[in-house]
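What the coordinates show
Here is what each chain is made of, one letter per residue.
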Amino acid sequence: MNRTINKIIKIDLYIIVSICAFLTFYCQAYRGYDTDIGLHVMRIIPVVHGDYYIPHSMLHYITYGIYKICNWISLNISLYDVMVLLETFLVALILYTIYRVLLYYLKDKFNEIILLLISISLIFVTSIYIPFFNKFMYLGQGSPNTWHNPTTFIIKPIAILCFWGLVTYIQKYQHLSNKKLPIILSILFALSVWAKPSFAITFYPALLIFLIIYYRKNFKIYWNIFLILLPSIILLAIQYYHTYSQSLASTNDMKDNIIFTFFGVIRLWTKVPFISLLLAIAFPLSILVIDLKNVKKNQILILSWLNVIIAYLEFAFLAEKYKFPQGAFGFGYNLALFLLFIFSFIHLLNYIKSNTQKKQQIYAAICLIIYSLHLYSGVLYYLRYFITKTYT
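The present account deals with the structure reproduced in this document.

What counts, and at which threshold
- Residues numbered from 1 in each chain as written.
- Predicted model: local features only at pLDDT ≥ 70, side-chain atom pairs only at ≥ 80, totals over all residues.
- Heavy atoms only, no water.
- Helix = DSSP H or I, 4+ residues; strand = E, 2+ residues; numbered from the N terminus.
- Rg over C-alpha atoms; globule rule 2.2 N^0.38 Å.
- Buried < 20%, exposed > 50% of the residue type's maximum accessible area, 1.4 Å probe, protein only.
- Areas by Shrake-Rupley, 256 points an atom, 1.4 Å probe, with all protein chains shown as cover.
- Lys, Arg positive; Asp, Glu negative; His and termini not counted.
- Charge placed at Lys NZ, Arg CZ, Asp CG, Glu CD.
- Polar contact = N/O pair within 3.5 Å; in protein donor to acceptor, adjacent residues only side chain to side chain.
- Contact = heavy atoms within 4.5 Å.
- Expected span 1.5 Å × (residues − 1).
- Axes fitted to C-alpha atoms, helices over the stretch in contact; angles between N-to-C directions.
- Parallel < 35°, antiparallel > 145°, perpendicular 65-115°, else oblique.
- Left-handed = near helix turned anticlockwise from the far one by under 90°.
- Nonpolar A, V, L, I, M, F, W, Y, C, P; charged D, E, K, R; others polar.
- Salt bridge = Lys/Arg side-chain N within 4 Å of Asp/Glu carboxyl O.
- Patch = residues over 30% accessible without salt bridge, like charges linked within 9 Å, V, L, I, M, F, W, Y side chains within 5 Å.
- Phe/Tyr/Trp six-rings, centres within 6.5 Å; stacked < 30°, edge-to-face > 60°.
- Core = buried A, V, L, I, M, F, W, Y, C linked by side-chain atoms within 4.5 Å.
- 1 Å grid on protein atoms, 1.4 Å probe; cavity = no way out; pocket = protein on both sides within 12 Å on 5 of 7 lines; lining within 4 Å.
- Points joined across faces, edges and corners; volume = space filled by probe spheres on them.

1. Comments concerning the overall build of the protein chain
- A count of helical and extended segments in the protein chain gives 14 helices and 2 strands.
- Relative to its length of 392 residues, the protein chain is compact, with a C-alpha radius of gyration of 21 Å against a globular reference of 21 Å.
- A buried classification covers 55% of the 392 residues belonging to the protein chain.
- When the accessible area of the protein chain is evaluated, it comes to approximately 18500 Å², of which 68% is carbon and sulfur surface.
- The averaged location of the 13 negative side-chain charges in the protein chain is 12 Å from the averaged location of its 31 positive side-chain charges.

2. Topic: the side chain of Thr 151
- Along the chain, Thr 151 turns up in helix α6 (residues 150-172).
- In terms of polar contacts, Thr 151 uses its side chain to reach the side chain of Lys 196, at 2.8 Å.
- In this structure, Thr 151 is in contact with His 40, His 56, Leu 59, Ala 195 and Lys 196, ignoring residues within four places of it in sequence.

3. Some details on helix α13 (residues 330-354)
- In a regular helix each residue adds 1.5 Å, so 25 residues correspond to 36 Å; α13 covers 36 Å between its end C-alpha atoms and thus fits that length.
- Where burial is concerned, most of α13 is hidden: 21 out of the 25 residues are buried.

4. Remarks on the packing of helix α7 (residues 181-195) against helix α9 (residues 219-245)
- At a minimum axis distance of 7 Å, the contact between α7 and α9 shows a crossing angle of 15°. In this view, α7 runs roughly parallel relative to α9, as classed from their interaxial angle. Like other packed secondary-structure pairs, α7 and α9 cross with a definite hand, here right-handed. Residues Pro 182, Leu 185, Ser 186, Phe 189, Ala 190, Val 193 and Trp 194 of α7 pack against Leu 227, Ile 228, Leu 229, Pro 231, Ser 232, Leu 235, Leu 236 and Gln 239 of α9.
- Here the residues of the contact of α7 with α9 sort into 12 nonpolar, 3 polar and no charged.

5. Remarks on the environment of Lys 296
- Looking at the element boundaries, Lys 296 is found in the loop between α11 (292-295) and α12 (299-317).
- Apart from residues no more than four positions distant in its own chain, Lys 296 is found in contact with Tyr 214 and Ile 302.

6. Some thoughts on the pattern of salt bridges
- In this structure the tally under the stated criterion is 2 salt bridges.
- The closest approach of N and O atoms between Lys 10 and Glu 112, which form a salt bridge, is 2.7 Å. Of this pair, Lys 10 sits in helix α1 (residues 2-30) while Glu 112 sits in helix α5 (residues 112-122), and the two are 102 residues apart along the sequence.
- The partly exposed category is assigned to Glu 112, whose relative accessible area is 27%.
- A salt bridge links Lys 323 to Glu 320; the nearest nitrogen and oxygen atoms lie 3.7 Å apart.

7. Concerning the packing of helix α10 (residues 273-290) against α13
- Remark: α10 packs on α13, axes separated minimally by 10 Å, with the N-to-C direction vectors making an angle of 30°. Comparing their axes, α13 and α10 come out roughly parallel. Crossing hand, α10 versus α13: left-handed. Touching Leu 277, Ala 280, Ile 281, Phe 283, Pro 284, Ile 287 and Ile 290 of α10 are Tyr 333, Leu 337, Leu 340, Phe 341, Ser 344, Phe 345, His 347, Leu 348 and Tyr 351, all from α13.

8. Here's the deal with a nonpolar patch on the surface
- A grouping of Ile 11, Ile 15, Ile 19, Phe 22, Leu 23, Tyr 26, Tyr 30 and Leu 85 is seen on the molecular surface, where their side chains present a nonpolar patch of about 690 Å² in accessible area.
- Residue contributions to the nonpolar patch peak at 7 residues, all from α1.
- Using a relative accessible area of 44% as the deciding quantity, one classes Ile 15 as partly exposed.

9. Quick word on α12
- Counted at 1.5 Å a residue, the expected span for α12 with its 19 residues is 27 Å, and the 27 Å between its end C-alpha atoms agrees.
- Most of α12 sits out of view: 16 of its 19 residues are buried.

10. Brief notes about the packing of aromatic side chains
- Inspection of every chain in the model, using the stated rule, returns 39 aromatic pairs.
- Ring geometry for Phe 189 versus Phe 199: centroids 6.3 Å apart, planes at 15°, classification stacked. Remark: Phe 199 occurs in helix α8 (residues 198-215) and Phe 189 occurs in helix α7; sequence separation between them is 10 residues.
- With a centroid separation of 5.2 Å and an interplanar angle of 70°, the aromatic rings of Tyr 382 and Phe 386 are classed as edge-to-face. In this pair, Tyr 382 and Phe 386 are both assigned in helix α14 (residues 358-388), 4 residues apart and thus about one turn of the helix distant.
- Through a chain of ring-to-ring contacts, the aromatic side chains of Phe 25, Tyr 33, Phe 124, Trp 147, Phe 153, Tyr 382, Tyr 385 and Phe 386 assemble into a single cluster.

11. A short note on the nonpolar core
- Residues Ile 170, Phe 189, Phe 199, Tyr 333 and Phe 343 are the most contacted members of the largest nonpolar core, which totals 126 residues.
- Counting residues per element, this core draws most heavily on α13, which supplies 16 residues.
- Once you skip the residues sitting within four places of it in the chain, Tyr 333 turns out to touch Gln 141, Gly 142, Leu 277, Ala 280, Ile 281, Val 308, Ala 311, Tyr 312 and Phe 315.

12. So, empty space enclosed by the protein
- Under the criterion given, the structure shown has 3 cavities of 30 Å³ or more.
- The computed volume of the largest cavity comes to approximately 80 Å³.
- Surrounding the largest cavity, Ser 143, Pro 144, Asn 145, Thr 146, Thr 152, Ile 155, Lys 156, Lys 196, Ser 198, Phe 331, Asn 334 and Leu 335 form its lining.
- Taken together, the elements giving at least two residues each to the lining of the largest cavity come down to α6 and α13.
- A breakdown of the residues in the lining of the largest cavity according to their chemical character gives 4 nonpolar, 6 polar and 2 charged.
- Quantified by volume, the second largest cavity comes out at close to 60 Å³.
- Together, Val 91, Ile 94, Ile 123, Asn 145, Thr 146, Trp 147, Phe 153 and Lys 156 line the second largest cavity.
- Elements with a minimum of two residues in the lining of the second largest cavity: α4 (79-106) and α6.

Below, the structure written as structure tokens:
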């Protein structure tokens, strides 16, 4: 009976989240909310027909494929309708992926409903909002979660699987029974680049540093990982060439140059970048402070931190010349924050279970209070989006 009730509750929670997501994307498509959905929908037909080049075109091809299938079965549906439904499905997929990761690490320690509720909270958390410091909740601060950019939703579940899967492979590759895992990972990383290269351009440098720290004498693992990543690296090189080197008249608005800047994009929206950074990483940082000794042993959390550091440095010092205010390198930072929050929360839950002394429990409570500020800010950001119709 309990298992049946738990299953019903979980289904209900997925339905509630999906309804919230659907309402968000519907309003973006048909109620004038500030979003990139319209921009991407308008590019679908030109992209598919080869008249327009965009490096991260996975969402466009999938949307078009679903649209054509619907037409084939005489289902009258527009590209906007497909995009709304696809984005809703992707939010549910992100939630499910986070939930499966939490189950992998914590199944025997916490109730499944609790883990699903935590997973839901992780798709809403954002930087802590302090109105007198910055009127913007997203711009200048960065955020683990945004709602305006449709390609973000297609990269998130792939990035989680790549990140989690590769660390699992590194830790267990000598005794790995699943010989298909390297092939699966190679495909996932290639798909991640096609979906949105923002993840790869921060993760690959972070991964190299991680390997030097933990596996500097194990040259075999370097070669194995290189082979896994090789298809995605080739795809990245092709994307770079088409976007920054080749003269393509049909994609002039995509062409650009990468330039160096000193917090140039960040300073457009915040006066004190350091404080904005602290507001974005307050919760993971609190865990680093209270449990540094064990955090050093937690390889996937260390890799998460390295990914955030690399992503922030790219965001701070690199920009596209002609699309400077768009902050293209900020998407990698947002995604890195998203991964950091997931694996930081997993570490905190393990910390709570393994430390029963009053002092450690107080430390854990402080971390949870800080997390609740991120969650409160995230829910406020989501609700404000419906009121103001802007994501800033």
